[in-house]
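Below, each chain spelled out in residue letters.
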Amino acid sequence: VRGALGSLGSRLVPRLDEYVYNRDRNRAYPDSFRPVSRATSGLVDSRTPHIVIVPLEGPSTAEWGPARGNYFYEVFRTAVELFGEDSVSVVDAGSSSDRPWADTVAEHLEASGATHMIAHVERDPGKTEDWNWDRVWSSVANRWDGVFIGVTFDSGFPLIRMKARRLARISPSFVCLDICVPMDSRLVKGRSEVGPVPLVQSRQTQELLLARIRDEPKDVDVSFIGALYPYRVELVERLKANGVNVVVNPHRQDATTDLESSRANQPSWLDYMAGLARSQMTLNFSLASSGSDEQLKWRVMEATLAGTLLLTDDHVRTSEFFVRGEEFDEFSSPGDLVEVVESWLAEPDQLSDAQHRAQAKAFDLAHLEFWNRIDNTLRDRELPELPARTT
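Residues numbered from 1 in each chain as written. Predicted model: local features only at pLDDT ≥ 70, side-chain atom pairs only at ≥ 80, totals over all residues. Heavy atoms only, no water.

Student: Just to check I follow, could you spell out the packing of aromatic side chains for this structure?
Tutor: Note on aromatic pairs: each is described by the distance of the centres and the angle between the planes. Evaluated as defined, the whole model comprises 17 aromatic pairs. Centre to centre, the rings of W64 and Y73 are 5.1 Å apart; their planes meet at 90°, and the pair counts as edge-to-face. Take W64: its relative accessible area is 13%, and that puts it in the buried class. A centroid spacing of 5.1 Å and a plane angle of 40° characterise the contact between W133 and F148, whose relative ring orientation is tilted. (Phe/Tyr/Trp six-rings, centres within 6.5 Å; stacked < 30°, edge-to-face > 60°. Buried < 20%, exposed > 50% of the residue type's maximum accessible area, 1.4 Å probe, protein only.)

Student: Hey, could you run me through the packing of helix α4 (residues 101-112) against helix α5 (residues 133-141) in this one?
Tutor: The packing of two helices is summarised by the inter-axis angle and the distance between the axes. Interaxial distance between α4 and α5 falls to 11 Å at its minimum, and their mutual angle equals 30°. When the interaxial angle is binned, α4 and α5 end up roughly parallel. Two packed elements cross with a definite hand, and for α4 against α5 that hand is right-handed. Judged by residue contacts, W101, A102, A106 and L109 of α4 engage W133, V136 and V140 from α5. Among the residues making up the contact of α4 with α5, the classes are represented as 7 nonpolar, no polar and no charged. (Axes fitted to C-alpha atoms, helices over the stretch in contact; angles between N-to-C directions. Helix = DSSP H or I, 4+ residues; strand = E, 2+ residues; numbered from the N terminus. Parallel < 35°, antiparallel > 145°, perpendicular 65-115°, else oblique. Left-handed = near helix turned anticlockwise from the far one by under 90°. Contact = heavy atoms within 4.5 Å. Nonpolar A, V, L, I, M, F, W, Y, C, P; charged D, E, K, R; others polar.)

Student: What exactly am I supposed to notice about the side chain of D134 here?
Tutor: The residue D134 is located in helix α5 in this model. At a separation of 2.8 Å, a polar atom in the side chain of D134 contacts the side chain of R166. Filtering out sequence-adjacent residues up to four positions away, D134 remains in contact with R25, S32, R166, L167 and I170. (Polar contact = N/O pair within 3.5 Å; in protein donor to acceptor, adjacent residues only side chain to side chain.)

Student: Can you help me understand the pattern of salt bridges in this one?
Tutor: Pairing between side chains of opposite charge can happen when the charged atoms of each approach one another. Evaluated as defined, the whole model comprises 24 salt bridges. D145 serves as the salt-bridge partner of R47, at 2.6 Å between the closest nitrogen and oxygen. Here R47 is found in the loop between α2 (16-28) and β1 (51-54), whereas its partner D145 is found in the loop between α5 and β4 (147-152), with 98 residues between them in sequence. Residue E57 is joined to R123 by a salt bridge in which the shortest nitrogen-to-oxygen separation is 3.6 Å. On the criterion of sequence distance, the pair formed by E57 in the loop between β1 and α3 (71-83) and R123 in the loop between β3 (116-120) and α5 is long-range, its members being 66 residues apart. (Salt bridge = Lys/Arg side-chain N within 4 Å of Asp/Glu carboxyl O.)

Student: Could you clarify how one ought to interpret the nonpolar core in this entry?
Tutor: In summary, soluble globular proteins display a tendency toward joint burial of nonpolar side chains. Counting residues in each nonpolar core, the largest one holds 88 residues, and the members touching the most others are Y71, I118, W133, L177, F370 and W371. If near-sequence neighbours (up to four positions away) are discounted, Y71 is found in contact with V151, F153, L177, I179, L199, V200, W298 and F370. (Core = buried A, V, L, I, M, F, W, Y, C linked by side-chain atoms within 4.5 Å.)

Student: It is not clear to me how the pairing of β3 should be interpreted in this structure. Could you clarify?
Tutor: Note on strand geometry: in a regular strand, side chains alternate between the two faces of the sheet. With 5 of its 5 residues buried, β3 lies for the most part within the structure. The side-chain alternation of β3 yields two buried faces, one formed by H116, I118 and H120 and the other by M117 and A119. Bridge count between β1 and β3: 4 bridges; the pairing is parallel. Directly across from V52, in β3, lies its bridge partner M117. With 5 bridges joining them, β3 and β4 adopt parallel strand pairing. The partner of I118 across the bridge, within β4, is I149. One crossover worth recording links β3 to the parallel β4 by way of α5, and it is right-handed. (Pairing = 2+ DSSP bridges. Right-handed = clockwise from strand over helix to strand, strands pointing away.)

Student: Even after reading the chapter, I still don't get α5, so can you show me in this structure?
Tutor: In terms of residue burial, α5 counts as a mostly covered element, since 7 of its 9 residues are buried. For α5, the set of buried residues is W133, D134, V136, W137, S138, V140 and A141.

Student: So what exactly am I meant to see when it comes to unusual backbone geometry here?
Tutor: Cis geometry is adopted by the peptide bond preceding P196, which originates at G195 and carries an omega value of -5°. Tracing the backbone shows P196 in the loop between β5 (174-178) and α7 (203-213). Of note in this structure, S185 is not a glycine but carries a positive phi near 65°. With a relative accessible area of 42%, S185 lands in the partly exposed category. Backbone geometry places E382, a non-glycine residue, at a positive phi of 55°. Summarising the element assignment, E382 is placed in the segment after α13 (348-380).

Right, dumping it as structure tokens:
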């Protein structure tokens, strides 16, 4: 009943749910919303720029390392490759329960002379679902003059937007980076943010990837790799009924037929990429799990990096980075997809050329575009710049 009333109230009064969320948060944690009382532009002094990374799973975890699918390792490693080892450091804030992680972060920012901090802001560091970033940022923003770049993976969810907007209103030194969708003016009117951003990947990981997929045969015409949400199962079955030879999750030894089985016993990231590399073409469904909006999926970069031709129902995001008909292709319906697949299979030389063009572009996009887009937003908002690039 409360949910139904809340939904009705939000339709009558825009953002009523966000007002209630912020009111309750302020009451429960009075220290969680203290907007900065000073201007922030130009406050960073002449000290050398230094980036601090606060990963979800840091150096103390098995997930930390190249070619393991750890997003923040790739952020860290690309920073090392572009800016030099002295320009970046990592806070393994979620590794210990002996002391508050917020204290660890604050002390490291001061000790390192940090000018920029990058962290995932949908939840606290470590294997937890807790969220205290508003309390941490309220404290840090009032005594640190750097820029906080907060990463979100899916701002289609209202709660994630509420969290990001709360952080943005604490200080104009907060910049939101969402990997899926544009965020300009969605947190504070007139304020530019970062997004969408292609999957970030280090040269170190790319070398391991190339070694893994170099000898993979192209023995699958069309693949679908990923979680089998009910609507995706229905689409794949409709494709098969229309004559498209689709192989589901070719990187796995076991059969996957539904969401539960597709998420269990996941192979390694390199095995997953090898499954993509075996595919002449692979499918990408861009519908957000949080609603009806199209998103830029990681699959766009993963497919092109693996050297398969991406076929997507996304008509907006992918074309920001790749050329339709030359480096990827689109479809609107299962019936339409049959024609698209057959046209590419009928021209194997053109298919191979498209795969190689997209792969070459993807290697540079994955290495550079994360930082390029941050650079652009920092300049637009007159915030402190990133370190100078050494490569």
